[in-house]
Amino acid sequence: SCTCMRVVAMLNMEDFLMIRDLYNQGLNISQIAQKTGFDRKTVRKHLSARTPPSVQPRAGKPSKLDDYKDYIQNRITAYPLSAARIHREIRELGFTGKYTIVKDYLREVRPSRSVPAVYRYETRPGVQAQVDWGECGHLDVDGRRRKLYCFSMILGYSRMRYVVFTLSTDVYTLIQCHLDAFEYFGGYTEEVLYDNIKTVIIKRAIRADDHTWNPKFEDFFSHHGFIPRLCKPYCPQTKGKVENTIGYVKRDFLLGGTFSSLDDMNRQLLQWCNRVNAEPHGTTHEIPFDRLQQEHLKSLAVIPPYRLRREAHRKISREAFVSYLGNRYSVPHRYAGRDAVLELHDGQMTVRVGIEVICSHTVVPGHTRIIREKEHFSGLLGEARCYNNLQGKVSKPLFTVVPPQVEHRPLSVYDRFSDEVRL
């Protein structure tokens with residue numbers, strides 16, 4: 001723009017000097033106007049001016065982004081949001097411009113950061129998926145501050161993503177997240193790549209056949225017939241696709257978001273998954289939903305549904321209750337004090353003592369709630385009265401009085417003593 005201003009200034013100066021020179025040669029205003037092509041009023045203005053005309057900067061062309069620059073500045077000041085995220089937000093506010101305008105503007109107002117280069121491992125269709133966990137801050141649940149985790153699975157070829165927030169990373173949650181991801185994708189790959197986490201592997205060996213897998217997870221992957229693979233130690237690039245997804249979720253979805261609950265977060269997150277899977281991927285430049293058709297995943301329809309049963313070991317209290325997730329559930333009173341196993345499936349709890357199933361409950365939400373079944377305490381009052389009466393009959397006194405011990409001697413001892421005195 002500065003170069004343009006200098007060119008305009010030189011032309012004006014030339015016009016000014018040319019008009020004055022022609023006038024000094026004896027040409028009148030009409031002749032000068034005819035020779036230069038300028039209007040006679042313009043010639044007269046130049047001749048009457050004592051100084052060359054000053055050049056005023058030309059007003060810039062208004063941009064579609066002007067009305068949104070304050071909003072953008074506030075957002076990137078509060079959070080390091082991506083250009084794609086900003087473009088999506090201002091479109092919802094009425095912006096009609098293209099993504100490129102937003103990207104160029106953000107490049108001007110904030111410096112770009114360099115990213116170290118890594119080697120990307122590409123996979124064939126249907127061969128591999130990658131799984132990872134990420135921590136995403138904390139969430140208040142029923143008055144308790146809980147860690148928030150993000151499970152992510154991405155198909156290596158199509159780049160289809162599935163992500164969900166959880167409050168746990170135990171093996172049961174891991175398996176349930178797999179089942180939800182398989183359902184979302186419509187199948188699963190030949191192998192899945194993992195970090196060295198205890199919910200997947202207990203002890204890693206040199207040979208894959210010698211690995212000691214988590215028995216619960218081994219039952220799951222054996223049922224489906226996929227092969228679990230482990231990342232090379234200290235080589236996070238092996239699983240770069242999914243780790244990029246975790247960072248993408250934090251930047252593009254979670255950062256600066258507003259949510260009312262964990263369910264609301266996951267509802268919005270599923271919509272986010274559907275949106276990003278319907279947009280061209282930054283590496284493949286193709287839409288993941290379109291490439292998904294080329295994956296030819298293993299079908300869930302050809303195997304029996306996997307029945308996920310959680311297990312938790314508990315001690316039945318003397319009041320005949322077991323505790324689970326902060327709530328208390330009653331059991332038949334005759335099992336008070338016994339060790340029990342809680343089996344959980346589809347929101348139902350089965351309580352087992354040894355091999356005997358003693359009762360079942362529906363798992364309820366919330367905290368510090370008491371779920372009491374009346375029949376579990378049937379006959380307890382009568383048994384308590386009988387026990388108390390029995391205890392009263394055989395009860396021992398509070399204390400015992402022991403009389404002093406008196407030594408009993410034969411009379412012959414006293415006779416000997418009398419004889420000795422007389423002597």
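Everything numeric in this text was worked out from a predicted model, so none of it was measured. (Residues numbered from 1 in each chain as written. Predicted model: local features only at pLDDT ≥ 70, side-chain atom pairs only at ≥ 80, totals over all residues. Heavy atoms only, no water.)

**Digging into the packing of aromatic side chains**
Aromatic ring pairs: the centre-centre distance and the angle between the two ring planes describe each pair. Worth spelling out the cut-off: The pairing test for Phe, Tyr and Trp rings, Trp by its six-membered ring, is centres within 6.5 Å, and the orientation test on the planes gives stacked under 30 degrees, edge-to-face over 60, and tilted for anything in between. Helix and strand definitions follow DSSP, with helices as H or I runs of at least four residues and strands as E runs of at least two, each counted in order from the N terminus. Burial classes follow relative accessibility: with a 1.4 Å probe on protein chains only, a residue under 20% of its type's maximum area counts as buried, one over 50% as exposed, and anything between as partly exposed. Distance and angle both matter: a charge sits over a ring if NZ of Lys or CZ of Arg is within 6 Å of the ring centre and within 35 degrees of the ring normal.
Scanning the model with the defined rule gives 20 aromatic pairs in all. When the ring of Tyr194 is compared with that of Phe217, the centres are 5.4 Å apart and the planes differ by 85°; the resulting orientation is edge-to-face. Residue Tyr194 is found in strand β4 (residues 191-194), and its partner Phe217 is found in helix α8 (residues 215-224); the two are separated by 23 residues along the sequence. For the pair Tyr194 and Phe217, a shared accessibility class is recorded, and that class is buried. A centroid spacing of 5.9 Å and a plane angle of 70° characterise the contact between Phe220 and Phe226, whose relative ring orientation is edge-to-face. Among the aromatic residues, ring-to-ring pairing joins Phe182, Tyr188, Tyr194, Trp213, Phe217, Phe220, Phe221, Phe226 and Tyr306 into one connected group. When the ring centre of Phe377 is taken as reference, the NZ or CZ atom of Arg372 above it lies at 4.0 Å.

**Some thoughts on the sheet that holds strand β14 (residues 370-371)**
Heads up, the rule is: Paired strands, in this sense, are two strands between which DSSP finds at least two bridges.
On the basis of which strands lie adjacent, the open sheet formed by three strands has the order β9-β10-β14 and mixed pairing. At either margin of the open sheet sits one strand with a lone partner, and together these are β9 (321-324) and β14. By the bridge criterion, four bridges tie β9 to strand β10 (residues 327-330) in an arrangement that is antiparallel. Within β10, the position partnered with Phe321 by the bridge is Ser330.

**A short note on the side chain of His211**
By the element assignment, His211 lies in the loop between β5 (201-203) and β6 (212-213). Given a relative accessible area of 13%, His211 falls into the buried group.

**Side note on the pattern of salt bridges**
Filter applied, for reference: In the sections that follow, a salt bridge refers to a side-chain nitrogen of Lys or Arg positioned within 4 Å of a carboxyl oxygen of Asp or Glu.
What the rule picks out here adds up to 16 salt bridges. In this structure, Glu89 and Arg75 form a salt bridge, with 2.8 Å as the shortest nitrogen-oxygen distance. Note that Glu89 is positioned in helix α5 (residues 83-92) and Arg75 in helix α4 (residues 69-78), a separation of 14 residues in sequence. By the burial criterion, Glu89 is buried, and Arg75 matches it. For Arg229, the salt bridge identified is with Glu191, shortest N-O distance 3.2 Å. Linking Arg229 in strand β7 (residues 227-230) with Glu191 in strand β4, this pair joins segments that are 38 residues apart in sequence. When salt bridges that share partners are traced, they join Arg88, Asp252, Arg275 and Glu279 into one network.

**Remarks on the nonpolar core**
Operational definition: What we call a nonpolar core is a set of buried Ala, Val, Leu, Ile, Met, Phe, Trp, Tyr and Cys residues that are connected through their side-chain atoms within 4.5 Å.
Ranked by size, the top nonpolar core spans 35 residues in total, and within it Phe151, Phe217 and Phe226 carry the most contacts. The set of elements that each furnish at least two residues to this core consists of β1 (128-141), β2 (144-155), β3 (161-166), α7 (171-185), β4 and α8. Element by element, the count of residues in this core is highest for α7, at nine residues. Core analysis: the second largest hydrophobic core is formed by 20 residues, Leu344, Met349, Val353 and Ile371 among them.

**As for the environment of Val331**
Applied cut-off: Any pair of residues with heavy atoms lying within 4.5 Å of one another is described as a contacting pair.
Note on placement: Val331 falls in the loop between β10 and β11 (339-345). Apart from the residues within four sequence positions on either side, Val331 is in contact with Ile316, Ala320, Phe321, Val322, Val351, Ile358, Cys359 and His376.

**Quick notes on α5**
In terms of burial, α5 is largely enclosed, as seven of its ten residues are buried. Phi turns positive, to about 115°, at Gly94, one or two residues after α5.

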